[in-house]
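# Structure at a glance
Each chain, written out:
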Amino acid sequence: MSMKNSAASIVVIEDNPEVLSLLVRILERHSYSVHQATTVSAARELLSREAWDLALIDRNLPDGDGIALCAELRAAAPHNYLMMLTGDNDEDAIVEAFNTGADDYVTKPFSSSELLARIRAGLRIVELQKKLLAMTLMDALTGLSNRRAFEAELAERFEIARRYDRPLSLAILDVDHFKRINDELGHQAGDDVLRTIARVLSQTTRQSDFAARVGGEELAVLLSETPLFEAMQAAEKIRHAIAETGITISIGVASMPHSHFAATEEMIASADAALYRAKQRGRNRVEIERRRERFARPAAALA
Ligand code: GH3
Ligand code: MG
Ligand code: MG
Ligand code: MG
């Protein structure tokens, strides 16, 4: 999402047609993307459907109170900016609005230049919050997603794959003898290697794949709509592309519906076990999980 004025999305919730068209005109003239609703229920529907940054909310609406809507939106959209714009300038109403979730409160009649200045100030906060949120999901060294982002993404994709019975694969990558690289060339060179691997990984994976740095020298790729055989081919392509740079990695792959995983932890454990085998069998190779049946075999049969 762009941080520019031109792309900021503002929702105007106002039942008075004159006020509504005036607001829309002012905002559009300042290049905001504007959506409008004239009732609480239409606003609810619109705000859950559209991506938006800031809402301008009237108090007296035909089917409800804008302050109550404000409280509702605060819970659903903690990072968006909520501005009351109402003729009600009663002190108790103002305090109530702020207490239940409003970020600003402007009374009618309003000055359009002051309103626009308040909107710009509000959008600065929205921007900052977006940047902070992005930082909590990004790995600073490589620019890839971090472990926290990976866990959230895996949970979401795993749920979708299970619910709709779609294939999903997970590849876990680990740099071979990385300790040696650090010991012989220094920690800085080690960091450069990780950045190179991240770049190659981004270049060799699809837009719909999700790559992350999940540990010191461990990375993971989620491949949606990708069954085991295709995931192996993708992993082999990644392994080969990285080997071309002079460093090697080992990869473990787990896949559903090839295996039945009850939870994401099982899927990770399976890819980890495959990775461990890849290391044991000489490194610079891809190994797949052993198939997991829906029912575990008796312990004796495993020995
Ligand atoms: P293997 O092939 O079995 O994976 O051997 P390895 O040496 O890669 O594995 P090991 O787990 O023994 O060592 C991983 C090393 O990765 C340990 C640590 O020095 C290094 N490492 C972890 N995170 C970072 C990092 O952010 N930067 C750098 N430069 N090194 C890191
Ligand atoms: Mg009204
Ligand atoms: Mg490791
Ligand atoms: Mg390693």
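Quick caveat, the model's predicted, so the values are computed rather than measured.

## Considerations on the pairing of strand β2 (residues 33-37)
- Alignment of strand β1 (residues 9-13) against β2, held across 5 bridges, turns out to be parallel. Opposite S9, over in β2, you have S33 as the bridge partner.
- Remark: the β1/helix α1 (residues 17-29)/β2 crossover connection has right-handed handedness.

## Considering the packing of helix α8 (residues 187-204) against helix α9 (residues 228-243)
- Where α8 meets α9, the axes come as close as 10 Å, and the angle between the chain directions of the two elements is 140°. What the angle tells us is that α8 and α9 run oblique. In terms of crossing hand, the pair formed by α8 and α9 is right-handed. Between α8 and α9, the residues in contact are I197, V200, L201 and T204 and K237, I238, A241 and I242, respectively.
- Grouping the amino acids of the contact of α8 with α9 by side-chain chemistry returns 6 nonpolar, 1 polar and 1 charged.

## Topic: a nonpolar patch on the surface
- A contiguous nonpolar patch, built from L128, L132 and M135 and spanning about 330 Å² of accessible area, is present on the exposed surface.
- If you trace the backbone, L128 turns up in helix α5 (residues 112-137).

## A short note on the sheet that holds strand β8 (residues 168-175)
- The mixed open sheet is built from 5 strands, whose spatial order is β9-β10-β8-β11-β12. In the strand order of this sheet, the two ends are held by β9 (210-215) and β12 (286-288), each with one partner. Pairs of neighbouring strands in the sheet enclose a mean axial angle of 20°, with direction left out of account.
- Pairing of β9 with strand β10 (residues 218-224) involves 5 bridges; the strand directions are antiparallel. Of the residues in β10, the one forming a bridge with R213 is L219.

## Here's the deal with the site of ligand 1
- As a matter of local geometry, ligand 1 sits amid 16 residues, with H177, N182, D191, R213 and R283 nearest to it.
- A distance of 3.1 Å is found between a nitrogen atom of ligand 1 and a backbone nitrogen or oxygen belonging to H187.
- At 2.7 Å, a side-chain N or O of D191 approaches a nitrogen atom of ligand 1.
- When isolated, ligand 1 has an accessible area of 660 Å², and the protein chains bury 67% of it.
- Elements represented by at least two residues in the shell around ligand 1 include exactly β8, α7 (178-185) and α8.
- Tallying contributions element by element places α8 first for the shell around ligand 1, with 4 residues.
- Residue classes in the shell around ligand 1 are distributed as 3 nonpolar, 5 polar and 8 charged.

## Points about the coordination of the magnesium ion (ligand 3)
- Every protein donor of the magnesium ion (ligand 3) is accounted for by D174 (OD) and E217 (OE), and the metal-donor separations fall at 1.9 to 2.2 Å.
- Separating the magnesium ion (ligand 3) from the magnesium ion (ligand 4) is a gap of 3.7 Å, bridged by D174, which donates to each. Remark: E217 occurs in the loop between β9 and β10 and D174 occurs in strand β8; sequence separation between them is 43 residues.
- Relative accessible area serves as the criterion here: at 9%, D174 is assigned to the buried category.

## Some words on a negative patch on the surface
- Residues D90, E91, D92 and E96 make up a contiguous surface patch of negative charge.
- Within the fold, D92 resides in helix α4 (residues 91-100).

## Brief notes about the environment of E266
- In this structure, E266 sits in helix α10 (residues 264-280).
- Sequence separation between E266 and A254 is 12 residues; the distance between their C-alpha atoms is 9.6 Å.

## Thoughts on α9
- Taking 1.5 Å per residue, 16 residues should reach 22 Å; α9 reaches 22 Å between its end C-alpha atoms and fits that length.
- All of the buried residues in α9 are L228, A231, A235, I238, R239, A241 and I242. Buried residues in α9, looked at end-on, bunch into an arc of 165°, giving them a common side.

The rules we used
- Every chain's residues receive numbers from 1 upward, in the order its sequence appears when written.
- Here chains are named by letter from A upward and ligands by number from 1 upward, in the order in which they appear as written.
- In view of the model being predicted, local features appear only for residues whose pLDDT reaches at least 70, and side-chain atom pairs are presented and counted only at 80 or more, with totals across whole chains, interfaces and linings using the full set of residues.
- Excluded from the side-chain calculation are hydrogens and water; included are all heavy atoms of the structure.
- Only strands joined by at least two bridges in the DSSP assignment are considered to pair.
- Helix and strand definitions follow DSSP, with helices as H or I runs of at least four residues and strands as E runs of at least two, each counted in order from the N terminus.
- By convention, a crossover is right-handed whenever its connection, traced from the first strand over the helix to the second and viewed with the strands pointing away, goes clockwise.
- Axes here refer to lines fitted to C-alpha atoms; in helices the fit is confined to the stretch in contact. Angles between the N-to-C directions go from 0 to 180 degrees.
- For classification, angles of less than 35 degrees are called roughly parallel, those exceeding 145 degrees roughly antiparallel, those between 65 and 115 degrees roughly perpendicular, and all remaining angles oblique.
- Put simply, a crossing is left-handed when the front helix is turned counterclockwise from the back one by less than a right angle, and right-handed when it is turned clockwise.
- Contacts between residues were defined by any pair of non-hydrogen atoms, one from each residue, lying within 4.5 Å.
- Residues are grouped as follows: nonpolar covers Ala, Val, Leu, Ile, Met, Phe, Trp, Tyr, Cys and Pro; charged covers Asp, Glu, Lys and Arg; every other residue, Gly included, is treated as polar.
- Patch membership requires more than 30% relative accessible area and the absence of a salt bridge. Residues of like charge join within 9 Å; the nonpolar side chains Val, Leu, Ile, Met, Phe, Trp and Tyr join within 5 Å.
- Methods summary: accessible areas were calculated by the Shrake-Rupley approach with a probe of 1.4 Å, and residue burial reflects only the protein chains presented.
- Think of a salt bridge as a Lys or Arg side-chain nitrogen and an Asp or Glu carboxyl oxygen that are within 4 Å of each other.
- We define proximity as follows: a residue is near a molecule or strand when any one of its heavy atoms falls within 4 Å of that partner.
- Pairs of N or O atoms are called polar contacts if they sit within 3.5 Å, as long as, within protein, a hydrogen donor faces a hydrogen acceptor (for residues adjacent in sequence, only side-chain-to-side-chain pairs).
- Donors, by definition, are the N, O and S atoms found within 2.8 Å of a metal, the threshold being 3.2 Å for Na, K and Ca, and water is not counted, so a site can look incomplete.
- Three labels apply to residues, based on accessible area from a 1.4 Å probe with only protein chains included: buried if under 20% of the type maximum, exposed if over 50%, partly exposed otherwise in between.
- In this count, Lys and Arg are taken as positive residues and Asp and Glu as negative ones, while His and the chain termini are left out.
- Just so you know, the charge point we use is NZ for Lys, CZ for Arg, CG for Asp and CD for Glu.
- Expected helix span is computed as 1.5 Å times (number of residues minus one).
- What the arc measures is the spread of directions leading from the helix axis to the C-beta atoms.

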